[in-house]
Each structure stands twice: as C-alpha cells, then as structure tokens.
Amino acid sequence: TRRLNLSVDHVSSAPWHEVLHTLRHEMAHQSVDEVLRARGETPHGDAFRYACERLRVTPRASGGEAPPVDDDTERLARAHAATDHIQIARLENLQR
C-alpha cells in the first residue's frame, strides 16, 4: 500500500474544493494501480479516466485550478470532506 502526500502549503492555503480535487486526482492514480490493477496504462489513460469518474474528479493533470465554486459549495465541500472515505469503499467494491 502506498501513501499519498499533499503539500502542506496547498492544504493550508488553497480553497478546500481544490484540495479535495487534488486528493481525488491522486487517489485515482492510486486506485488504477491498487484497485483496478491496470498495467501498461499511460498515467492519464482509460483506467485513470474511469477512476476519476468514480471519484467525481476531472481527469486533467494536476497543477491547475479545480473548477471554480461559490461560497455555498465551498462550505458543502468542507462539511462533506469527512465522508469521502465512502468513495474509497466504492472503489474497493469495483474489484469484487
């Protein structure tokens, strides 16, 4: 099992929806390897796009900004951040 690391600067200074986008993007990369067990794929290939769809994240390369959201959406993102583990369980169920 691998560990995902996010920049402390990014987590502490970026809007929360962007942090969640980055986390989901990185989780998609990890799920391609550990859940879907896709081999010989390009980093942003078909398996990655599939994992992104399941994690509700755009498959674009990281480093840019996530789509803009309003203040209400930002508050909702923070409120629901604690339940994002459900998405991990859904990905784990895909391998069954």
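Thresholds, definitions, all that
Residue positions are counted from 1 within each chain, in the order its sequence is given. Thresholds applied to this predicted model are a pLDDT of at least 70 for local features of residues and 80 or more for the giving and counting of side-chain atom pairs; totals over whole chains, interfaces and linings are not thresholded and use all residues. No hydrogens and no water enter the side-chain calculation; it runs on all heavy atoms of the structure. Comment: elements are numbered from the N terminus, with helices defined as DSSP H or I runs of at least four residues and strands as E runs of at least two. Think of it in three bands: with a 1.4 Å probe and only protein chains considered, a residue is buried below 20% of the maximum accessible area for its type, exposed above 50%, and partly exposed in between. Salt bridge criterion: a side-chain nitrogen from Lys or Arg within 4 Å of a carboxyl oxygen from Asp or Glu. We call a set of buried Ala, Val, Leu, Ile, Met, Phe, Trp, Tyr and Cys residues a nonpolar core when their side-chain atoms join them within 4.5 Å. Here a residue-residue contact requires only that any non-hydrogen atoms of the pair lie within 4.5 Å. Helices are assigned an expected span. That span is 1.5 Å times one less than the residue count. Directions from the helix axis toward the C-beta atoms define the arc.

A. Region of interest: unusual backbone geometry. Even without a glycine there, the phi angle at R37 is positive, about 55 degrees. Locating R37 in the fold gives a position in the loop between α2 (16–34) and α3 (46–55). The backbone phi angle of R56 is positive, close to 60 degrees, even though this residue is not glycine. With relative accessibility at 52%, the residue R56 sits in the exposed group.

B. Looking closely at the pattern of salt bridges. Scanning the model with the defined rule gives 2 salt bridges in all. Residues D33 and R39 are paired through a salt bridge, measuring 2.9 Å at the closest nitrogen-oxygen approach. Among the salt bridges present, the one from D46 reaches R49, with a minimum N-O distance of 2.2 Å. Taken as a pair, D46 and R49 lie in helix α3 at a separation of 3 residues, close to a single helical turn.

C. Structural detail: the nonpolar core. M27, A28, V32, A47, F48, A51, C52, L55 and V57 together form the largest nonpolar core, which totals 9 residues. Elements that contribute at least two residues to this core include exactly α2 and α3. The greatest single-element share of this core, amounting to 5 residues, is contributed by α3. Not counting residues up to four positions away in its chain, the partners in contact with A47 are V32, L36, A38 and E41.

D. Representation of α2 within the structure. For α2, with 19 residues, the first-to-last C-alpha span of 26 Å sits near the 27 Å given by 1.5 Å per residue. Within α2, 14 of the 19 residues are buried, which leaves it mostly tucked inside the rest of the structure.

E. Spatial organisation of α3. For α3, the full list of buried residues reads A47, F48, A51, C52 and L55. End-on, the buried residues of α3 take up no more than an arc of 140 degrees, which puts them together on one face. What points out from α3, more than 90 degrees from its buried face, is the exposed set D46 and E53. Positioned one or two residues after α3, R56 has a phi angle of 60 degrees, which is positive.

F. Structural detail: the environment of F48. Along the chain, F48 turns up in helix α3. On the basis of relative accessibility, which here comes to 1%, the residue F48 falls in the buried class. Along the primary structure F48 and L36 are separated by 12 residues, whereas in three dimensions their C-alpha atoms are 9.3 Å apart. Ignoring anything within four residues of it in the chain, the contact list for F48 reads H25, A28, H29, V32, P43 and P59.

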